[in-house]
Amino acid sequence: MAEAVELEAGGRTVRLSSPGKVFFPEHGYTKLDVARYYQAVAPGLLRALRERPTTLQRYPDGIAGEWFYQKRAPKGMPDWIPTAHITFPSGRSADEMCPTEEAAALWAAQYGTLTFHPWPVRRGDVDHPDELRIDLDPQPGTDYDDAARAAHELRAVLAEFGGLHGWPKTSGGRGIHVFVPIEPRWTFTQVRRAAIAVGREMERRMPERVTIKWWKEERGERIFIDYNQTARDRTIASAYSVRPRPNAPVSAPLTWTEVGVAHPRDFDITTMPARFAALGDVHAGMDEEAHSLDALLELATKDEHDHGLADLPYPPEYPKMPGEPSRVQPSRAKKPRPHEG
């Protein structure tokens, strides 16, 4: 295996040990290939990560080996990488790294990071998200094309309720993520409530194609709008992140004209650098926008008051939340006993 190499980034030198270690056996892509990829797309990656508390999804021995999520800033992390103090739903807290420059991404790559999972907040205010993130997750029997159809309807819903502008990207798998830059003046609970309102409106418009049902047994062959991805400590892979699949796909920012035309298989660590060199970051304008959630929160109030639609279940690891319904899977729920006369 080759000796360590040194990579230059923004006036800093990052040492990459074992650069020839194979991370993607099917294609032979190495740790150095991953680091070089992140160098090629650095402006876009840093636009997505800058100042955000970020969880690292690490594969020290490549995708064939063990992996884990690194939430707490690792010991020995350079002091030039800032951190933010964040609180988990359990009440515990941690200092999490906040990438602000290219060298931070390369440092993470040195430790086997493939995917970056940034929080939807900036380190200056970790309790008020500045992005509403909508995850369109294909269920068995559906695929990326179904997610793309749902994404175009989602675009119309966002525009109708507050003139919101979403920015779509591939998940790196079969799904689509749509991020909406918002003013950082709502809590995680309020942003989640807005996401639920979006999901319910989508269900009304595409009942045979879209669902917001939390329990898998109720979803059917539909696109699941995972509203709980907006809950505190739930994150979504960043734009340009490498995903741990055999062909080293990446989460690719798209223009709306590409949704349903481009395909996730078009974007991996070998093809994205050329696209980035030709087009730059097609989501470069995201930080220039900050939308209001007022119209969606009004829709949520209408759903609750006029239609009797209450809150929906949180993930199982969360403490019981006020107003939350039962988390018991419907097929396991106790049935009422018949009245004995």
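First, a word on scope: everything that follows refers to the structure included in this document.

Rules used in this analysis
Residues numbered from 1 in each chain as written. Predicted model: local features only at pLDDT ≥ 70, side-chain atom pairs only at ≥ 80, totals over all residues. Heavy atoms only, no water. Helix = DSSP H or I, 4+ residues; strand = E, 2+ residues; numbered from the N terminus. Rg over C-alpha atoms; globule rule 2.2 N^0.38 Å. Buried < 20%, exposed > 50% of the residue type's maximum accessible area, 1.4 Å probe, protein only. Pairing = 2+ DSSP bridges. Axes fitted to C-alpha atoms, helices over the stretch in contact; angles between N-to-C directions. Lys, Arg positive; Asp, Glu negative; His and termini not counted. Salt bridge = Lys/Arg side-chain N within 4 Å of Asp/Glu carboxyl O. Polar contact = N/O pair within 3.5 Å; in protein donor to acceptor, adjacent residues only side chain to side chain. Contact = heavy atoms within 4.5 Å.

## Looking at the overall build of the protein chain
Link 1 in the chain: Within the protein chain one finds eight helices and 14 strands.
Link 2 in the chain: A compact globule built from 341 residues should have a C-alpha radius of gyration of about 20 Å, and the protein chain, at 21 Å, falls within 12% of that.
Link 3 in the chain: Dimensions of the protein chain along its principal axes, counting C-alpha atoms only, are 80 × 45 × 40 Å.
Link 4 in the chain: Split into buried and exposed, the 341 residues of the protein chain put 53% on the buried side.

## Topic: the sheet that holds strand 11 (residues 167-170)
In sheet architecture, strand pairing relies on hydrogen bonds along the backbone and comes in two forms, parallel and antiparallel.
Link 1 in the chain: Taken together, the five strands give an open sheet; going across it, the order is 11-12-10-14-13, and neighbouring strands pair in mixed fashion. In this open sheet, the two edge strands, each paired with only one partner strand, are strand 11 and strand 13 (210-211).
Link 2 in the chain: Here three bridges tie strand 10 (residues 131-138) to strand 14 (residues 223-225), and the two strands are oriented antiparallel to one another. Residue pairing for strand 14: leucine 136 is matched across the bridge by isoleucine 225.

## Describing the sheet that holds strand 9 (residues 113-118)
Link 1 in the chain: Strand order in the open sheet formed by three strands is 6-5-9, with antiparallel pairing between adjacent strands. Among the strands making up the open sheet, the edge pair consists of strand 6 (68-70) and strand 9. Each adjacent strand pair in this sheet contributes to an overall mean axis angle of 25 degrees, direction not counted.

## Quick notes on the side chain of aspartate 268
Link 1 in the chain: Here aspartate 268 shows up in the loop between strand 14 and helix 7 (272-279).
Link 2 in the chain: Within the buried set, aspartate 268 has no salt-bridge partner at all; the shortest N-O distance to an opposite charge, 10 Å, is to arginine 265.
Link 3 in the chain: Polar contacts involving the side chain of aspartate 268 include one to the side chain of threonine 270, which spans 2.5 Å.
Link 4 in the chain: Among all residues touching aspartate 268, those that are not within four sequence positions of it are Asn247, Ala248, Pro249, Val250 and Pro273.

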